[in-house]
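Secondary and tertiary structure notes
Below are the chains, spelled out letter by letter.
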Amino acid sequence: MNSEPATPRLAWSLLQPDWLEVCKAARQPAFRARQIWKWLYQERVDNWESMTNLPAAWRKELAVSHPLTPWAAEERQVADDGVTKLLLTCRDGQAIETVLIPADERLTLCVSTQAGCAFGCAFCATGRGGYVRDLDAGEIVGQYMAASRAAAPRRITNLVVMGMGEPFANYDATLRAVRIFNDYDGIGIGARRITLSTCGVVPGIRRLAGENLQVELSVSLHAPTDELRSRIMPVNRKWPLAELLEACAEYTERTGRIITFEYTLVDGLNDSPEHADALLARIRPVRGRVNLIPLSPVEGYEGRTPTRATCEAYARRLSQGGLNVTLRQSRGGGIDAACGQLRLRRSAART
Ligand code: SAH
Ligand code: SF4
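Residues numbered from 1 in each chain as written. Chains lettered and ligands numbered in written order. Predicted model: local features only at pLDDT ≥ 70, side-chain atom pairs only at ≥ 80, totals over all residues. Heavy atoms only, no water.

1. Focus: the overall build of the protein chain
- Helices and strands together make up the secondary structure of the protein chain, namely twelve helices and 13 strands.
- For a compact globule of 351 residues, the expected C-alpha radius of gyration is about 20 Å, and the protein chain comes in at 21 Å, within 12% of that figure.
- Reported as C-alpha extents along the three principal axes, the dimensions of the protein chain are approximately 70 × 45 × 35 Å.
- The buried share of the protein chain, reckoned over its 351 residues, is 56%.
- The long-range fraction of contacts in the protein chain, counting pairs at least 24 apart against all pairs at least 6 apart in sequence, stands at 64%.
- When the accessible surface of the protein chain is summed, it comes to about 15800 Å², and 49% of that surface belongs to carbon and sulfur atoms. (Helix = DSSP H or I, 4+ residues; strand = E, 2+ residues; numbered from the N terminus. Rg over C-alpha atoms; globule rule 2.2 N^0.38 Å. Buried < 20%, exposed > 50% of the residue type's maximum accessible area, 1.4 Å probe, protein only. Contact = heavy atoms within 4.5 Å. Areas by Shrake-Rupley, 256 points an atom, 1.4 Å probe, with all protein chains shown as cover.)

2. A few points about the packing of helix H11 (residues 273-283) against helix H12 (residues 308-320)
- One can describe the packing of H11 onto H12 by two numbers: an axis separation of 9 Å at closest approach and a directional angle of 35 degrees. In this structure, H11 crosses over H12, and the sense of that crossing is right-handed. For the pair H11 and H12, the contacting residues are Pro-273, His-275, Ala-276, Asp-277, Leu-279 and Leu-280 in the first and Tyr-314, Arg-317 and Leu-318 in the second.
- Here the contact of H11 with H12 is composed, by residue class, of six nonpolar, one polar and two charged. (Axes fitted to C-alpha atoms, helices over the stretch in contact; angles between N-to-C directions. Left-handed = near helix turned anticlockwise from the far one by under 90°. Nonpolar A, V, L, I, M, F, W, Y, C, P; charged D, E, K, R; others polar.)

3. Side note on the site of ligand 2
- Around ligand 2 sit nine residues, and of these Cys-117, Cys-121, Cys-124, Gly-127 and Cys-199 come closest.
- Looking at side-chain class alone, the shell around ligand 2 contains five nonpolar, four polar and no charged residues. (Near = heavy atom within 4 Å.)

4. Examining the pattern of salt bridges
- Summed over the entire model, instances satisfying the criterion amount to 13 salt bridges.
- Linking Asp-277 and Arg-317 is a salt bridge whose minimum nitrogen-to-oxygen distance equals 2.9 Å. Highlighted residues: Asp-277 in helix H11 and Arg-317 in helix H12, separated in sequence by 40 residues.
- With a shortest N-O distance of 3.4 Å, Arg-308 and Glu-312 are connected by a salt bridge. In this pair, Arg-308 and Glu-312 both sit in helix H12, four residues apart, roughly one turn of the helix. (Salt bridge = Lys/Arg side-chain N within 4 Å of Asp/Glu carboxyl O.)

5. Some details on the side chain of Glu-139
- Its place among the elements puts Glu-139 in helix H5 (residues 137-151).
- Polar contacts involving the side chain of Glu-139 include one to the side chain of Arg-133, which spans 3.0 Å.
- Beyond its immediate sequence surroundings of up to four residues, Glu-139 is in contact with Leu-10, Pro-70, Trp-71, Cys-90, Arg-133 and Asp-134. (Polar contact = N/O pair within 3.5 Å; in protein donor to acceptor, adjacent residues only side chain to side chain.)

6. Here we look at the pairing of strand E9 (residues 216-220)
- Counted residue by residue, E9 has five buried out of five residues, so it is predominantly covered.
- Bridge count between strand E8 (residues 194-198) and E9: four bridges; the pairing is parallel. Bridged to Thr-198 within E9 is Val-219.
- After leaving E8, the chain enters helix H7 (residues 202-209) and then returns to the sheet as E9, a path that is right-handed.
- Where E9 and strand E10 (residues 260-265) come together, three bridges link them in parallel fashion. Residue pairing across strands places Ser-220 opposite Glu-262, the latter belonging to E10. (Pairing = 2+ DSSP bridges. Right-handed = clockwise from strand over helix to strand, strands pointing away.)

Below is the structure:
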């Protein structure tokens with residue numbers, strides 16, 4: 001039986017059952033799938049030649065049909081506080097960022113899901129640059145592989161999908177990557193240590209609720225009224241607050257999982273006591289918690305970071321209103337220049 005040569009597919013984009021299919025198609029015994037998985041995620045080799053218990057001729061074929069590393073180049077920048085940014089160049093020349101954030105015994109990796117982003121949030125450097133293309137699951141998993149090499153001997157403990165791009169606009173590849181991260185026989189990051197962040201793509205929230213995954217979900221809110229939110233987040237015109245928060249409430253109802261609402265504080269824009277009260281009224285019924293992030297200044301956006309006192313007062317008002325609130329601090333200073341947005345990852349400082 002002759003079949004068409006398949007388009008090459010990155011090795012890191014396949015789940016365990018997919019490798020069984022690859023074995024079947026190549027008339028190899030099923031146990032080979034486990035061997036491959038072990039090489040990829042336990043030995044973590046980055047070339048097929050090293051997988052010495054596989055037949056040599058098949059290794060050559062796999063190197064063509066399922067190439068390993070997706071990167072043409074890797075560049076590393078380390079900030080004074082230990083935040084490490086990796087700039088990875090894909091085979092087609094697209095540059096994407098992935099960031100390692102150490103905090104006490106935790107080491108969090110922030111991965112990207114798209115080159116660019118189509119959602120155009122006002123203060124987001126990635127959004128300002130526009131959308132280029134979706135990343136393949138293998139390119140998302142590959143960020144982890146590159147970062148875990150850079151982090152060694154420390155191990156990555158947590159993963160946040162908060163880099164460049166909107167995960168729910170590249171839903172399938174993102175979820176496939178999450179399942180590879182989560183696979184107990186492989187990378188093995190517990191679902192509760194994986195956080196997906198969306199700007200409010202309602203169909204994605206609804207779909208995630210049905211996945212039977214225990215991952216954490218963050219929703220970027222940034223404003224308590226439709227008028228203000230539509231001004232800074234065009235996505236709000238498609239899925240306004242009422243619809244978004246209804247989907248969030250349903251999500252919590254169905255999964256039992258509490259959503260974290262991200263709220264970037266911008267001086268004079270969304271940081272007044274009235275904004276806090278309006279936010280309280282919105283979040284309370286949804287039973288969510290709130291992460292406050294002081295704006296990281298972005299070139300081309302005129303907004304400013306509120307003073308620490310304003311941020312703290314805002315946080316206090318929310319927590320006095322009964323919300324679970326975290327105020328984050330800026331991390332990764334000194335490597336900001338080339339970093340669109342990922343410099344914005346912060347370490348938590350509870351108020
Ligand atoms: N697209 C997804 C995930 C990536 S952005 C989302 O929007 O949720 C991760 C978070 O960083 C979002 O909450 C985003 O609004 C926030 N962010 C983007 N630019 C920022 C800036 N300049 N200062 C502070 N937070 C920013
Ligand atoms: Fe895209 Fe998120 Fe940036 Fe908005 S904040 S433009 S959704 S990456």
